[in-house]
Amino acid sequence: MSWMLRAVRNNRWNKEKLSYGWLDNVTAPAEPLADIADSSLSLYAVHDDFSNVRRIIAALAATRHNLSNFDYVLFPMDILKDNLFAFSDSTGMTSDSIVNSWHYDVKSSALDASRLLQLMWQHMILKTELEKSVLNMIVESVKNNYLECSQIRIKSSEKKLWEALDSYCP
């Protein structure tokens, strides 16, 4: 089974924290819509063995201004195909060209976003990579020449990251 990855905010997707007495446990609350309500939803294809997840996270995290935990959901790609969502591959906006080739856009109306949220909610795996792990993923990507130091957007005041990259970034 192929999977898709979407960067999210844990507090909007955590089922335990968002349990409402008036909602059954398979119906999504409105909060996660804030993370998927764009007319074009950015997703990344994950290999069946999940071997490219670390690289995707590193590439996405390197586009942020601060080093922090990285929250994301994984859900089966079949959700998009089986429910006839309009999605197409498109070049991603990270500094890793290979990760960019795994990028897809889902075009959606508000109704589509609501329907997609409901399907994602029922089949998702919510994960959080801690800041230290994200740092290690970025360093690993630089070490493997997937990312160039000059393309990392994280502020220079994030000393932990830049100290870890010191031997790779002149």
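To be clear, the structure that these remarks concern was listed above.
Residues numbered from 1 in each chain as written. Predicted model: local features only at pLDDT ≥ 70, side-chain atom pairs only at ≥ 80, totals over all residues. Heavy atoms only, no water.

(A) Inspection of the overall build of the protein chain at higher detail. Looking only at helices and strands, the protein chain features eight helices and six strands. Counting helices and strands in the order they occur from the N terminus, the protein chain gives β-α-α-β-α-β-α-β-α-β-α-β-α-α. Its C-alpha atoms give the protein chain a radius of gyration of 17 Å, within 12% of the compact-globule value 15 Å for 170 residues. The C-alpha extent of the protein chain, read off along each of the three principal axes, is 55 × 35 × 30 Å. Expressed as a percentage of its 170 residues, the buried residues of the protein chain come to 44%. For the protein chain, the share of sequence-separated contacts (at least 6 apart) that also reach a separation of at least 24 residues comes to 76%. Total accessible area computed for the protein chain in this model is approximately 9100 Å², and 50% of it derives from carbon and sulfur atoms. Considering the protein chain, the positive charge centre built from 18 side chains and the negative charge centre built from 21 side chains are found 4 Å apart. (Helix = DSSP H or I, 4+ residues; strand = E, 2+ residues; numbered from the N terminus. Rg over C-alpha atoms; globule rule 2.2 N^0.38 Å. Buried < 20%, exposed > 50% of the residue type's maximum accessible area, 1.4 Å probe, protein only. Contact = heavy atoms within 4.5 Å. Areas by Shrake-Rupley, 256 points an atom, 1.4 Å probe, with all protein chains shown as cover. Lys, Arg positive; Asp, Glu negative; His and termini not counted. Charge placed at Lys NZ, Arg CZ, Asp CG, Glu CD.)

(B) Spotlight on the packing of helix α3 (residues 53-61) against helix α7 (residues 131-143). Here α3 crosses α7 at 95°, and the two axes come no closer than 8 Å. By the angle class used here, α3 and α7 are roughly perpendicular. Of the residues in α7, those in contact with R54, R55, I57, A58 and A61 of α3 are S133, V134, N136, M137, I138, E140 and S141. The class makeup of the residues in the contact of α3 with α7 is six nonpolar, three polar and three charged. (Axes fitted to C-alpha atoms, helices over the stretch in contact; angles between N-to-C directions. Parallel < 35°, antiparallel > 145°, perpendicular 65-115°, else oblique. Nonpolar A, V, L, I, M, F, W, Y, C, P; charged D, E, K, R; others polar.)

(C) Structural view of the pattern of salt bridges. Counting across every chain of the model gives four salt bridges. Between E140 and R54 there is a salt bridge whose closest N-O contact spans 2.9 Å. With E140 in helix α7 and R54 in helix α3, the pair connects residues that are 86 residues apart, well separated along the chain. Take E140: its relative accessible area is 32%, and that puts it in the partly exposed class. (Salt bridge = Lys/Arg side-chain N within 4 Å of Asp/Glu carboxyl O.)

(D) Representation of the packing of aromatic side chains within the structure. Applying the stated criterion to the full structure yields three aromatic pairs. Note on W3 and F50: the rings are 5.7 Å apart at their centroids and 40° apart in plane angle, and the pair reads as tilted. Of this pair, W3 sits in strand β1 (residues 3-7) while F50 sits in the loop between β2 (40-46) and α3, and the two are 47 residues apart along the sequence. Classification of F50 by relative accessible area gives partly exposed; the value is 34%. Ring geometry for F70 versus Y72: centroids 6.0 Å apart, planes at 45°, classification tilted. In this structure, R55 is placed above the aromatic ring of Y146, and the distance from its NZ or CZ to the ring centre is 3.4 Å. (Phe/Tyr/Trp six-rings, centres within 6.5 Å; stacked < 30°, edge-to-face > 60°. Lys NZ or Arg CZ within 6 Å of the ring centre and 35° of its normal.)

(E) Molecular detail of the pairing of β2. A large share of β2 lies buried, amounting to five of its seven residues. In this sheet, β2 lies alongside β1 in antiparallel orientation, the contact comprising three bridges. Bridging from a neighbouring strand, W3 pairs with V46 of β2. As judged from the five bridges shared by β2 and strand β5 (residues 103-107), these two strands associate in the antiparallel manner. Bridge pairing in β5 links S42 to D105. (Pairing = 2+ DSSP bridges.)

(F) Molecular detail of unusual backbone geometry. At F50, a residue that is not glycine, the phi angle is positive and equals roughly 65°. Look at N145: it is not a glycine, yet its phi comes out positive at around 65°. Here N145 shows up in the loop between α7 and α8 (159-164).

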